[in-house]
Amino acid sequence: MKSEVKLIDNDGKRLDGRKPDELRKIKIEAGVLHRADGSCYLEWGGNKILAAVYGPREAIPRHTQDPLKAIVNARYNMAAFSVEDRKRPGPDRRSREISKVISEALEKIVLTEKFPRATIDVNIEVLDAEAGTRCAGLTAAGVALADAGIPMKDIPVACAAGKIEGQIVLDLGKEEDNLGDADLPVAIAPRNGEILLLQMDGHLTLEEFDRTLDMAINGCHIVSDLQKKAIMEKYQSVLEVE
Amino acid sequence: MPEEKREIVIPSQFLGDARKDKAGRGTFIENGKIYSERLGILSKKSEYINVVPLKGRYDPIEEDFVIGIVEEALASSWLVDINAPYPALLHVNEVPWDVEFGDTEKYLNHGDSIMAKVLQVDVSKKLQITLNDRNLYKIKGGHIIYVEPSKVPRIIGRKGSMISLLKKYTRCRIFVGQNGRIWIDGDDEGIARVLYAIRKIEDEALSFGLTNRMETFLKKDAKDVR
């Protein structure tokens, strides 16, 4: 797609001054809500996201229960004021899809066999949106799950990469997402590199796809370090009393 | 207790080699390596590597003493919330009273608190509790407070040292449930002091020599010690 806006200037810098393989600014804070079992507040560029985890608790209604393992029930929701034009509140096709793919990604890493018949509810509330909310939401959910003390194999992390003006770049911003050629959100379990979520919007050749995926996975590892630092920061203080 | 630094671990953190060490509670093995499965404190006992959780729901174990809050009275049983992922069943055969069929509400109703013992936890985590044991009864009066279940061992102390200290210096009756609920009864001043002391223990749960420090703290303004 040819656009009026130049997404990459002559110096190879992007609209917000980032290099092609640079992430937006990320801030993560664990344990921000008192009523929830675990929570996380995350800022990722212009995204502001709050994630809260409740449970494990008995799954209701009863027919949703699995007698052998817990179900992970993620709910992705965008606040009415999170986008420029007011978003009509409530679940729509887009948010239901995102809820589903995030639930499935999280189910893969939580040790669900430990809690038969239970549910683990993850609420992801997008307060402010600026492209890449599903990655930011999943990243926040990972921190909130760890904060809730839920047994899991890894802390899931997500990051996107894409193609703008024929060039592969990391972590698309708002204009890049709207006017670019392709967007590839990826979620991984950073310890063994297992892919938990992979979606693609737009077109990439096979060779471009491989490069984009590699770049996104590299981004995931950077974000993963930030996640771990945020959890450590919150709980290191309990050791320092004396 | 060994005077070494405690270490916080997060899920997926590498803890050791499965050939050298044994994977204890809160850990899992993948490809011959031991990893932490949850947020907690690392503890190595003999050759076992354990992770003691910092947060999380109470994981019921048989024979544990707990404090439950009745959720619902059914025809021949009650459903009791013991802060586990699932409600616990209290059958009429497991109470000291002679309950007629359908008369359960006369004895325990929604909102009542009981001291109970975990009778059974089966594979699908169905819970049963009982009142048929020493000193188990319906709670009348007093206060119930909540602490993280993982901090309960510190509030009881080694062989009950901390809890007997609290009882001795505040003259309150205290019952600590393994599920993190604590029942306190006594005069107002005593209760206030227990509350303060328990919050202090909670805050400093991970430091060393806590029992001794608590003793000096409690001694300071204790009035008449039994």
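Bear in mind that the values here come from a model prediction, so they are computed numbers and not experimental data.

**Considerations on the overall build of chain A**
Each helix and strand in chain A was counted, giving 4 helices and 10 strands. For chain A, whose C-alpha radius of gyration is 18 Å, the value lies close to the compact-globule estimate of 18 Å for 242 residues. The principal-axis extent of the C-alpha atoms belonging to chain A is close to 55 × 50 × 35 Å. Split into buried and exposed, the 242 residues of chain A put 47% on the buried side.

**Some words on the packing of helix α1 (residues 93-109) of chain A against helix α2 (residues 133-147) of chain A**
Residue and element names in this part refer to chain A. Packing of α1 against α2 leaves a shortest axis separation of 11 Å and a crossing angle of 40°. Considering the angle they form, α1 stands oblique to α2. The handedness of the crossing between α1 and α2 is right-handed. Listed contacts from α2 to Ile98, Ile102, Ala105 and Leu106 of α1 are Arg134, Gly137, Leu138, Ala141 and Leu145. Looking at side-chain class alone, the contact of α1 with α2 contains 7 nonpolar, 1 polar and 1 charged residues.

**Remarks on the sheet that holds strand β2 (residues 14-17) of chain B**
Within a beta sheet, neighbouring strands are joined by backbone hydrogen bonds and run either parallel or antiparallel to one another. All names here are of chain B. Across the sheet, which stays open at both edges, the 3 strands sit in the order β2-β5-β4 with antiparallel pairing between neighbours. Whereas interior strands pair on both sides, the edge strands pair on one side only; in this sheet they are β2 and β4 (27-30). Geometrically, the sheet is characterised by an average inter-axis angle of 30° between neighbouring strands, direction not taken into account. When β2 meets strand β5 (residues 33-36), the two strands line up antiparallel, connected through 3 bridges. Bridge assignment links Asp17 to a residue of β5, and that residue is Lys33.

**Side note on the domain arrangement of chain B**
We note that the domain assignment places domain 1 (8-53), domain 2 (65-130) and domain 3 (143-220) within chain B. Here the C-alpha centroids of domain 1 of chain B and domain 3 of chain B sit 30 Å apart.

**A short note on the pairing of strand β8 (residues 182-189) of chain A**
Residue and element names in this part refer to chain A. Among the 8 residues in β8, 7 count as buried, and that is most of the element. Taken together, the 7 bridges between strand β6 (residues 157-164) and β8 define a ladder with antiparallel strand orientation. Note on β8: the bridge partner recorded for Ala158 is Ala187. Where β8 and strand β10 (residues 201-202) come together, 2 bridges link them in antiparallel fashion. What sits directly across from Ala182, in β10, is Gly202. Pairing geometry for β8 and strand β9 (residues 194-198), over 4 bridges, is antiparallel. Paired with Ile188 across the two strands is Ile195, which belongs to β9. Taking the residues that link successive antiparallel strands as the turn, the β8-β9 hairpin has 4 residues, and the phi of Gly193 there is positive, at about 75°.

**Notes on the packing of helix α2 (residues 161-170) of chain B against helix α3 (residues 188-203) of chain B**
All names here are of chain B. Closest axis-to-axis distance for the α2/α3 pair is 10 Å, and the angle between their directions is 150°. By the angle class used here, α2 and α3 are roughly antiparallel. Relative to α3, the crossing made by α2 is right-handed. From α2, Met162, Leu166 and Thr170 reach across to α3, where they touch Gly190, Arg193, Val194, Ala197 and Ile201.

**Regarding the interface of chain A and chain B**
How big an interface is tends to be stated in terms of accessible area lost as the parts join. Between chain A and chain B, the contact holds 29 residues from the first and 23 residues from the second. For the side of chain A that touches chain B, the secondary-structure elements that each account for two or more residues are β3 (47-58) and α4 (206-236) of chain A. It is α4(A) that provides the largest number of residues to the side of chain A that touches chain B, a total of 5 residues. A per-class count over the side of chain A that touches chain B returns 18 nonpolar, 3 polar and 8 charged.

**Focus on the sheet that holds strand β7 (residues 48-53) of chain B**
All names here are of chain B. Overall, mixed pairing links the 4 strands, which are arranged β1-β6-β7-β3 in an open sheet. Because the sheet does not close on itself, it has two edges, and the strands there are β1 (8-9) and β3 (22-23). Bridging between strand β6 (residues 40-45) and β7 involves 6 bridges; their strand directions are antiparallel. Each residue of the ladder has a partner; that of Ile41, found in β7, is Val52.

**A look at the pairing of β7(B)**
In the case of a regular strand, side chains alternate between the two sheet surfaces. All names here are of chain B. Residues Ile49, Val51 and Pro53 of β7 are buried on one face, while the alternating residues Tyr48, Asn50 and Val52, pointing to the opposite face, are not. Here β3 runs beside β7; their pairing, made up of 2 bridges, is parallel. Paired with Lys22 across the two strands is Tyr48, which belongs to β7. Hairpin geometry of β6 and β7 is characterised by an intervening segment of 2 residues between the two adjacent antiparallel strands and by a positive phi of about 45° at Ser46.

Parameters and conventions
Residues numbered from 1 in each chain as written. Chains lettered and ligands numbered in written order. Predicted model: local features only at pLDDT ≥ 70, side-chain atom pairs only at ≥ 80, totals over all residues. Helix = DSSP H or I, 4+ residues; strand = E, 2+ residues; numbered from the N terminus. Rg over C-alpha atoms; globule rule 2.2 N^0.38 Å. Buried ≥ 20, exposed ≤ 12 C-beta atoms within 10 Å, placed from the backbone. Axes fitted to C-alpha atoms, helices over the stretch in contact; angles between N-to-C directions. Parallel < 35°, antiparallel > 145°, perpendicular 65-115°, else oblique. Left-handed = near helix turned anticlockwise from the far one by under 90°. Contact = placed C-beta atoms within 7 Å. Nonpolar A, V, L, I, M, F, W, Y, C, P; charged D, E, K, R; others polar. Pairing = 2+ DSSP bridges. Domains from an automatic or database assignment.

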